[in-house]
Structure formats: C-alpha cells, structure tokens
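# Overview (structure and organization)
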Amino acid sequence: MAITLTQIQEQLRPDLDEMNQIIKSALASNNDLANSIVNTFLANKGKMLRPIITLLSAKLFGGINRKSLLGAAAVEILHNASLIHDDVIDAAQERRGAPTINSVWSNHVAVLVGDFFVTGALRCGIETGDGRIMRVLADMGRDLSLGEMQQVSTARNHNIDETTYMEIIRSKTASLFECCARLGGYANDAPQTAIDELGRFARLLGICFQIKDDTFDYYNDPIVGKPTGNDLREGKMTLPLIYALSRTDLPDHDEMLALVNKESLTSEDIDRLIEFAKRAGGIDYAYETMERLRDEANDVLSPFSPDETVDQLREIFDYVIARKL
C-alpha cells in the first residue's frame, strides 16, 4: 500500500514538534506586538513539506540530528518570510484560510515581521556552526529573490517561452526545495556527490510543485483560495498558456497572441485566454511535463539503496502532482 503524506508527517511528528520548538525559540522576543503576530501566524501551519524534505534527507544520509532540525527550522522560517512578503506584494487578504498580516495590521508591519522572520532563520543557521549550511541558505535566498525579480521583468513583456519559464521557477521555487535536500546532507557530512544527486531530485520536485500550483490559476476553486486568472492579471505567463501559444497551427493562435500582448487585460480577455489554454491542451501538457519530471526524479533516486526513506521521497513527488491545494 502506498505511503501517504499524512503518514510521513505522523512518523516524523516528534522531530517536527522539536523543530517547531526551535522555530518558536528563534522567533521569541520581548515585543508584545511581534509575539502576538508570530504566535497567530505560526498557529496556522501548512503541510511543512519543505522541512519534511530536510528531515527525510537527513534520514537518508545517516539520521535526524540537531543540525538537520536547525536547518529544517531555518528553511521553514524563510519560506514563511517569503509568504508574508508575497502577501504584501499581492495585497492578499487571506493565507491558509486566515487573514494575512498585512490585512489585519498593515503593509508596514507585515514587511517588518517578514524581515524579523529572516533574522530568525539566520539565527538557526548560525547555531549549526556549519559554514556550508549558511552558504546554501544564503544562495537559496539569493536565487529566490532573483527569480521573483526575473518574473517581474518578464511580466512586462507578457510573452515568454518555456525555457525562460523553467528558469524562473527553478530560481523562485525549486531553489528552496533543493536547499532542503542539501541541508540534510550537510548535517550528516554526506559525500558531496550524493548531496548533489539528492539536490537534483529536490530541484525537479520544486519545479513540479510550481507547475502544479500554476494549474490552479485555470480553475475557480474556493479550496485553493485565489481567483481564476490571477497570474494573468499580474502579467505572469504560466506553462499551460505558454504551450497553447506555441501551437501556431491553431486557427485562433494569432488572435490569442495579440491578446496576451495587450498593455492590460480585461476580465473578458483573461477568460478567453484561460479557455484557449484549456482547449489547446495546455493543462494536459502541464501534467505530461510533471509526469516526465517524476520519471526523471525516480531515475535520480535509483542509485540510492532501496529503503523506507527513498519510498517516502517518491511518495512526496506523487503527492505534489495529485494535491488539491
């Protein structure tokens, strides 16, 4: 019987609880406002997919130890810092079904809290006493920021190709997943070649995660919680539409290409582009791409000795493709 993400979470529960205590300690302060906001935000946890990857990596390379727990805490804090800042940029009102920090307090406070989270992650990284861990965290933060800036830059052009799209999501999303895998390896002084291979697996997983996330934009689903066409509204081109626009054989291709290159899109324009992407097979192509990435990722794992942890990593890839939010 296949392992589920819930089962993986439960098996790692003692370690995740210890990691959450590290996070709580790293974000503790004598400021009542900061404590109130932090405690409210942390009470509404996500799937903790990224720290789980760090802990599974540590298991694969020898075992979960204090260093790997600190690394897992650092990536979870940095991930949440990026979400807080994203909510400010997007003027989001809800996150995981709860009001965002910017909607309850202000953009000013939300930016400060996001910055405070970054300092908490740095404290966790420093406590490992491992320069390799600090370097991989710094490189990840750099990649994430540059990926977001590249997306803003290309959004001004409206029309991007698949190669550019993949470069953007490798930086802005997959870099964090890759960082998680590397942290578990460095925490156990694993061979660099093995760390690089698991990092490659995690990079493929992160790319797949973002592609799946982008497909949500083509359906009006209250569970996901973001309006249909939100990416297009912000000028972001994602894989289903990129593929559809590559199909020059379609009779309405030129019309749709002209539409996407308009200075600004109306709600009607967005609806037409979404339907065009679906009709042209864009969603099917996105799923085919995710399945190809999964096959490649499975090949990356094949040299590792078969065990429960390898099975769990494969299961997480399946979960990412099948997830509903």
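Quick look at the structure, then. Model, not experiment: these values are computed from the prediction.

### Digging into the packing of helix 12 (residues 239–246) against helix 13 (residues 253–260)
Angle between the axes and distance between the axes are the two parameters that describe a pair of packed helices. At a closest axis distance of 9 Å, the pairing of helix 12 and helix 13 adopts a crossing angle of 135°. Between helix 12 and helix 13, the angle falls in the class oblique. Contact with helix 12, carried on its side by L241, A244 and L245, involves H253, M256, L257 and V260 of helix 13 and no other residues of that element. Here the contact of helix 12 with helix 13 is composed, by residue class, of 6 nonpolar, 1 polar and no charged.

### Details of the state of the cysteines
One pass over the full model with this rule turns up 0 disulfides. In this structure C124 is a free cysteine whose sulfur lies 12 Å from that of C179, the closest cysteine sulfur available. Counting only cysteine sulfurs, C180 is the nearest neighbor of C208, a cysteine outside any disulfide, at a range of 16 Å. The exposure class of C208 is buried, given its relative accessible area of 0%.

### Considerations on a nonpolar patch on the surface
On the surface, L33, V104 and W105 cluster together into a nonpolar patch covering about 260 Å² of accessible area. Its place among the elements puts V104 in helix 6 (residues 101–104).

### Describing the packing of aromatic side chains
The geometry of an aromatic ring pair is captured by two quantities: the separation of the ring centres and the angle between the planes. Inspection of the entire model under this criterion finds 5 aromatic pairs. Taken together, a centroid distance of 6.3 Å and an interplanar angle of 65° make the contact between F61 and F304 edge-to-face. Of the two residues, F61 is situated in the loop between helix 4 (49–60) and helix 5 (66–90) and F304 in the loop between helix 15 (282–301) and helix 16 (308–322); the sequence distance between them amounts to 243 residues. What makes F61 buried here is its relative accessible area of 14%. Since its relative accessible area comes to 15%, F304 is described here as buried. Seen from the ring of F209, R50 lies directly overhead, with NZ or CZ sitting 5.0 Å from the centre.

### Quick word on a negative patch on the surface
Together, D284, E288, E291, D295 and D299 line one region of the surface with negative charge. Take D284: it is sitting in helix 15. When its relative accessible area of 52% is taken as the criterion, D284 is described as exposed.

### A closer look at helix 5
Taking 1.5 Å of rise per residue, the 25 residues of helix 5 would be expected to cover 36 Å, and the 36 Å separating its terminal C-alpha atoms lies within 8% of that figure. Among the 25 residues in helix 5, 19 count as buried, and that is most of the element. Backbone geometry just after helix 5 places A91 at a positive phi near 55°.

### Observations concerning the nonpolar core
Core analysis: the largest hydrophobic core is formed by 104 residues, its most contacted members being F117, I211 and L241. Here this core takes 12 residues from helix 9 (residues 162–187), the largest share from any one element. Dropping the residues within four chain positions of it, F117 is found in contact with L27, V38, F41, L42, I77, N80, A81 and I84.

Parameters and conventions
Residues numbered from 1 in each chain as written. Predicted model: local features only at pLDDT ≥ 70, side-chain atom pairs only at ≥ 80, totals over all residues. Heavy atoms only, no water. Axes fitted to C-alpha atoms, helices over the stretch in contact; angles between N-to-C directions. Helix = DSSP H or I, 4+ residues; strand = E, 2+ residues; numbered from the N terminus. Parallel < 35°, antiparallel > 145°, perpendicular 65-115°, else oblique. Contact = heavy atoms within 4.5 Å. Nonpolar A, V, L, I, M, F, W, Y, C, P; charged D, E, K, R; others polar. Disulfide = S-S within 2.5 Å. Buried < 20%, exposed > 50% of the residue type's maximum accessible area, 1.4 Å probe, protein only. Patch = residues over 30% accessible without salt bridge, like charges linked within 9 Å, V, L, I, M, F, W, Y side chains within 5 Å. Areas by Shrake-Rupley, 256 points an atom, 1.4 Å probe, with all protein chains shown as cover. Salt bridge = Lys/Arg side-chain N within 4 Å of Asp/Glu carboxyl O. Phe/Tyr/Trp six-rings, centres within 6.5 Å; stacked < 30°, edge-to-face > 60°. Lys NZ or Arg CZ within 6 Å of the ring centre and 35° of its normal. Lys, Arg positive; Asp, Glu negative; His and termini not counted. Charge placed at Lys NZ, Arg CZ, Asp CG, Glu CD. Expected span 1.5 Å × (residues − 1). Core = buried A, V, L, I, M, F, W, Y, C linked by side-chain atoms within 4.5 Å.

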